[in-house]
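Next come the chains, spelled out residue by residue.
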Amino acid sequence: MTEFEDDKLTQAAKRLTTEIRPERDLWPGIANAIDAPRRSGWMPTFAQAAAIVLLVGASSAVTYVTVKGQQQPFRQVSPDLIFEQASFGSRYNLGPGFQDARSALTAQLDVELERLSPESRAEVERNLELVHTAIFEINQALEQNPDNALLQAKLLMAYREELSVLRRVGGLTRNVMMRNDI
Amino acid sequence: MAALLTANASDYSQYMVSTSRDAVADEAAWIGQAQRSDRRAFEALYRLHVDKIYGLCLRMTGNVSEAEDCTQDAFIQAWNKLGKFRGDSAFATWLHRIAVNTVLGRMRKSKREQDRIEVLADTAPAPLASNDAGDLRDLSEAINRLPARARHVFVLHAVYGYSHDEAGHMLGIAAGTSKAQLHRARRLLSQQLTQQGFEA
């Protein structure tokens, strides 16, 4: 490549358009995402905890949705849980591993909340309420359209978010206890 | 939470009534409002900057659908990180950095994804062509065919004017590596364009 060619290329590159309008409006997708329960700025470790919970409960997370044979009956989940009406259509259901993990975390929730400051407790409760509202609304939509893959994916996302919040509460209180110990 | 199911109707027009003279002041106001979780102010910021961010993502990925995903991810990241924006740099620069990180993060996340982008870049109709002047379309298409690292350096340095230090910092490589990749990019581009009788 000669110096002349190099210079010609540089000049041409500077003339390239840097602002390009997308062919479609990307805002609706962004709006949907930012309307979902917002990650709080509790502590960076909570984001890691949220990731860990998905790893620790790999079997749970992966088996959120268990493919059922058509000859198998639809499995009913525990009625005392928020996801009692959960439905992933005619062929899928929440896995028992997820239910166990959630039950364990839920059982500890009140105890863990008591250890938090009022502000943190309010934020946790607000986050959980948002998630529960989402689950309720998605389930209502699924009743009308039980095999809608998009709704099923959103429901799965909402359950993951709930599990993430519950796990973060545990991480919060452990940190509180560590500080008290010192 | 209903927005999980349906997109809310846009109602940002009241945020977009200013003239360009007031754009800087408007932007600062929108940033402040968005930092207080005003979604419509953030939408105004999106409308103001989306062409810049999408342009960067499209240049870096060479693929329309990837660029759309990266743009959306970048703005979602920006929303989540808005509280940390202190105005040390221009908001556009801050967004640029987030967009670059988003592109790189997505490509690192899955090598298969990266391969797919490369393949698509080689075979898909040139998505950038209509945005550039006629004599630059060949260059745009040639940039799309560059290997990822060389393309990223060329786009940031030669197209967007970042220094090698800045480009290297954004890409997580040394400035010397950035220079080497730029040289490689220019050599590959020259080879491609010579074959096509490029005249800029």
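Residues numbered from 1 in each chain as written. Chains lettered and ligands numbered in written order. Predicted model: local features only at pLDDT ≥ 70, side-chain atom pairs only at ≥ 80, totals over all residues. Heavy atoms only, no water.

### Section: the overall build of chain B
Scanning chain B for helices and strands turns up 9 helices and 0 strands. Beginning at the N terminus, the succession of helices and strands in chain B can be written as α-α-α-α-α-α-α-α-α. Taken across its 200 residues, chain B has 50% of its residues classed as buried. Considering only intrachain contacts with a sequence separation of at least 6, the fraction spanning at least 24 residues in chain B is 66%. Summed over its atoms, the accessible surface of chain B is roughly 9200 Å², and 48% of this surface lies on carbon and sulfur atoms. (Helix = DSSP H or I, 4+ residues; strand = E, 2+ residues; numbered from the N terminus. Buried < 20%, exposed > 50% of the residue type's maximum accessible area, 1.4 Å probe, protein only. Contact = heavy atoms within 4.5 Å. Areas by Shrake-Rupley, 256 points an atom, 1.4 Å probe, with all protein chains shown as cover.)

### A few points about the packing of helix α2 (residues 39–61) of chain B against helix α7 (residues 148–159) of chain B
All names here are of chain B. Close contact between α2 and α7 brings their axes to 8 Å; oriented N to C, the two are set at 145°. Listed contacts from α7 to Leu56, Arg59, Met60 and Thr61 of α2 are Arg151, His152, Val155 and Leu156. The residue makeup of the contact of α2 with α7, split by class, is 4 nonpolar, 2 polar and 2 charged. (Axes fitted to C-alpha atoms, helices over the stretch in contact; angles between N-to-C directions. Nonpolar A, V, L, I, M, F, W, Y, C, P; charged D, E, K, R; others polar.)

### What to know about the pattern of salt bridges
All names here are of chain B. Under the defined criterion, the tally for this structure stands at 8 salt bridges over all chains. Among the salt bridges present, the one from Glu43 reaches Arg47, with a minimum N-O distance of 3.0 Å. Placement of the pair is Glu43 and Arg47 together in helix α2, with a separation of 4 residues, close to one helical turn. Across the salt bridge formed by Arg106 and Asp69, the nearest N and O atoms sit 3.4 Å from each other. Here Arg106 is found in helix α4 (residues 91–109), whereas its partner Asp69 is found in helix α3 (residues 64–81), with 37 residues between them in sequence. In this structure Arg106 comes out as partly exposed when scored by relative accessible area, which is 22%. (Salt bridge = Lys/Arg side-chain N within 4 Å of Asp/Glu carboxyl O.)

### Overview of the nonpolar core
Generally speaking, soluble globular proteins have nonpolar side chains that are buried together. Core analysis: the largest hydrophobic core is formed by 67 residues, its most contacted members being Phe42, Leu139, Phe154 and Leu189 of chain B. The greatest single-element share of this core, amounting to 12 residues, is contributed by α2 of chain B. When residues no more than four places from it in sequence are discounted, the contact partners of Phe154 of chain B are Leu9 and Ala13 of chain A together with Ile143, Leu146, Val159, Leu182, Ala185, Arg186 and Leu189 of chain B. (Core = buried A, V, L, I, M, F, W, Y, C linked by side-chain atoms within 4.5 Å.)

### Some words on the confidence of the model for chain A
All names here are of chain A. Within chain A, residue pLDDT values average 67, and 55% of them lie at 70 or more. Model confidence for chain A, summarised as mean pLDDT per element, is weakest for helix α4 (residues 58–62) at 47 and strongest for helix α2 (residues 27–35) at 91. Contacts for the low-pLDDT stretch residues 65–85, under 50 throughout, to residues beyond four places or in other chains number 42 contacts. Confidence drops under pLDDT 50 across residues 176–182; counting only partners more than four residues distant or on other chains, this segment forms 2 contacts. (pLDDT = per-residue confidence, 0-100.)

### Describing the state of the cysteines
Taken as a whole and judged by the stated rule, the model has 0 disulfides over all chains. With no disulfide of its own, Cys57 of chain B lies 5.0 Å from the sulfur of Cys70 of chain B, the closest cysteine sulfur. (Disulfide = S-S within 2.5 Å.)

### What to know about the packing of aromatic side chains
Tallying each qualifying case throughout the model produces 8 aromatic pairs over all chains. Seen from their ring centres, Phe85 of chain B and Trp94 of chain B are 5.1 Å apart, and the 55° between their planes marks the pair as tilted. Neither Phe85 of chain B nor Trp94 of chain B differs from the other in exposure class; each is buried. Through pairs of rings, three or more aromatic residues link up here, namely Trp27 of chain A together with Phe42, Tyr46, Phe75 and Trp79 of chain B. (Phe/Tyr/Trp six-rings, centres within 6.5 Å; stacked < 30°, edge-to-face > 60°.)

### As for α2 of chain A
Of all the positions in α2 of chain A, only Trp27, Ile30, Ala31 and Ile34 of chain A are classed as buried. The buried residues of α2 of chain A occupy one face: seen down the axis, they fall within an arc of 100°. Summarising the contacts, the buried residues of α2 of chain A are in contact with α2 and α3 of chain B. (Arc of directions from axis to C-beta.)

### A closer look at unusual backbone geometry
Although it is not a glycine, Ser37 of chain B adopts a positive phi angle of roughly 70°. Take Ser37 of chain B: it is sitting in the loop between α1 (23–35) and α2.

### Considering the packing of helix α6 (residues 137–144) of chain B against helix α9 (residues 175–195) of chain B
All names here are of chain B. Where α6 meets α9, the closest approach of the two axes is 10 Å, and the angle between their N-to-C directions is 135°. For the element pair α6 / α9, the angle class is oblique. Crossing angle aside, the handedness with which α6 passes α9 is right-handed. For the pair formed by α6 and α9, the contact residues are Asp138, Leu139, Ala142 and Ile143 on the first element and Leu189, Gln192 and Leu193 on the second. Its residues placed into classes, the contact of α6 with α9 shows 5 nonpolar, 1 polar and 1 charged. (Parallel < 35°, antiparallel > 145°, perpendicular 65-115°, else oblique. Left-handed = near helix turned anticlockwise from the far one by under 90°.)

### Regarding the confidence of the model for chain B
Residue and element names in this part refer to chain B. Averaged over every residue, the pLDDT of chain B is 80; the share at 70 or more is 72%. Every residue in residues 1–19 scores below 50 in pLDDT, and together they form 44 contacts with partners more than four places removed in sequence or on other chains. The low-confidence segment residues 119–126, where pLDDT is below 50, has 6 contacts with residues more than four positions distant or belonging to other chains. In the predicted assembly, ipTM is 0.76 and pTM is 0.54.

### Examining the side chain of Ser140 of chain B
Checked against the element boundaries, Ser140 of chain B lands in helix α6. Within the structure, the side chain of Ser140 of chain B is placed 2.9 Å from the side chain of Arg59 of chain B, a separation counted as a polar contact. (Polar contact = N/O pair within 3.5 Å; in protein donor to acceptor, adjacent residues only side chain to side chain.)

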